[in-house]
Each structure stands twice: as C-alpha cells, then as structure tokens.
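Single-letter residue listing:
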Amino acid sequence: MNNYEKETKHAVNSSEGNIKGRSSQNKKDALSFALEFFIKVGVTALVVCVLLFFVVGVYSNHSNSSYPMLKDGDLCFTFKLGKVHSGEEIAYKQDDKIHFGRIVAVGGDTVDIKDGTVNVNGYGVFENTVYPTTTEGATVTFPYNVPEGTVFVLNDYRDDIQDSRVYGSIPMKQTRGKIVLVLRRRGI
C-alpha cells in the first residue's frame, strides 16, 4: 500500500467516524422533543397573552348601535396603544359591558346638539353616514363641555341613545382602543 492509498483510507475512516459520532449526537429522545415542543408552545402562548392584554383587543358586537360600520355579530379588533382622535370608532366599557361608538369630541371641546345636527366648538361635524341626532332622553344638558381626559362618544345609529348623551363623557381609562379590523360573521 502506497502513501496515497494510506492517506485515502485514513480520510475515509475518519469521516465515517465523524458521521457516526454526529448521528449519535443528533439523535434526540422523545423526552427532549416533548420538552422542546412544550417550551415553544408556552412561549407562543405567553406572547399571545401579552399581545391580547396590552396591544390588541378582540370583541364581539351584540348590537346595531354602530350600524352601518358594525353589525350585530361582527368580530372587532382594537389597537390599544395608539392615541384616539375625533371621528374614530372605538370600543369602551360602560356598565360592565363593551360598547362601540364614534368619538365626536375630546377633552376641552364643547358639544351642542340642535335641530338634529351635532356641532363641536361651533362647527358642524362631518360624517359619512348622517342620522338625525336627538337629545330626547339625554341625561346631559347641551351645550356640553367635555372634561379633559375624556371623550364624547355617539353611536353611528343615532336613534340608539345609549352613548355619551346618557353616560356623559367616557374617561380614557374606559376606552379599549380604536377599531382597526372588523370581521363580518353574519349578514355577508
């Protein structure tokens, strides 16, 4: 056997040894697979819980108070971290229930409802869908000054008066974020 054959044989033997060594290192038993799987599932569940608690909200609409934007049965996703502005549809908690409504005024604004129209700071509110707005049944008096740190919310379907006309201004801590996604589950 010449030197070349010896070196080739040695290289083949050492690579076979490396392959055998690696295959025994790569083999995992069922316990390590299960442990790795449950760690991944646990981390994923923790991330989802943190997102649902601090970043997004998922709510089901059970009324037509925000019709036509939201219909009964819609699944609504909210973004909790962003600042809310006038004209945005939000979810808020009142009387231990989740309600949906549109912000028409923020802290420092003056809201007045006359002759079926809404005025904020003396100007009419621009709306895509306009329903006549009534003060009949309202518990607040108009013109109404919105306190700082609160928002004045009206339902899109204005005949449903269960909004800021009855509750007054909604504190920011009761808001659950602005609606960013709606999934229709009925009436498609």
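Everything in this summary refers to the structure shown in the same document.

Parameters and conventions
Residues numbered from 1 in each chain as written. Predicted model: local features only at pLDDT ≥ 70, side-chain atom pairs only at ≥ 80, totals over all residues. Heavy atoms only, no water. Salt bridge = Lys/Arg side-chain N within 4 Å of Asp/Glu carboxyl O. Helix = DSSP H or I, 4+ residues; strand = E, 2+ residues; numbered from the N terminus. Buried < 20%, exposed > 50% of the residue type's maximum accessible area, 1.4 Å probe, protein only. Contact = heavy atoms within 4.5 Å.

### Some points on the pattern of salt bridges
Per the stated rule, a full pass over the model turns up seven salt bridges. Two residues, Glu89 and Arg102, come together in a salt bridge whose shortest N-O distance is 3.1 Å. Remark: Arg102 occurs in strand β4 (residues 97-106) and Glu89 occurs in strand β3 (residues 89-94); sequence separation between them is 13 residues. The salt bridge involving Asp156 is made with Arg102; its shortest N-O contact spans 2.9 Å. Taken together, the residues Asp156 in the loop between β9 (150-154) and α3 (164-167) and Arg102 in strand β4 connect sequence positions 54 residues apart. With a relative accessible area of 10%, Asp156 lands in the buried category. Linked through salt bridges whose partners overlap, the residues forming this network are Glu89, Arg102 and Asp156.

### A closer look at unusual backbone geometry
Residue Tyr67 is joined to Pro68 through a cis peptide bond whose omega torsion reads 15 degrees. Following Phe142, the chain continues to Pro143 via a peptide bond in cis, the omega torsion being 0 degrees. In this fold, Pro143 is placed in the loop between β7 (123-124) and β8 (144-145). Of note, the phi angle at Asp96 is positive, near 60 degrees, even though the residue is not glycine. Structurally, the position occupied by Asp96 is in the loop between β3 and β4. A relative accessible area of 71% means that Asp96 is categorised as exposed.

### What about the side chain of Ser65?
Counting through the fold element by element, Ser65 comes out in the loop between β1 (56-60) and β2 (75-79). With residues up to four places along the chain from it excluded, the contact list for Ser65 reads Phe100, Asn155, Asp156, Tyr157 and Asp160.

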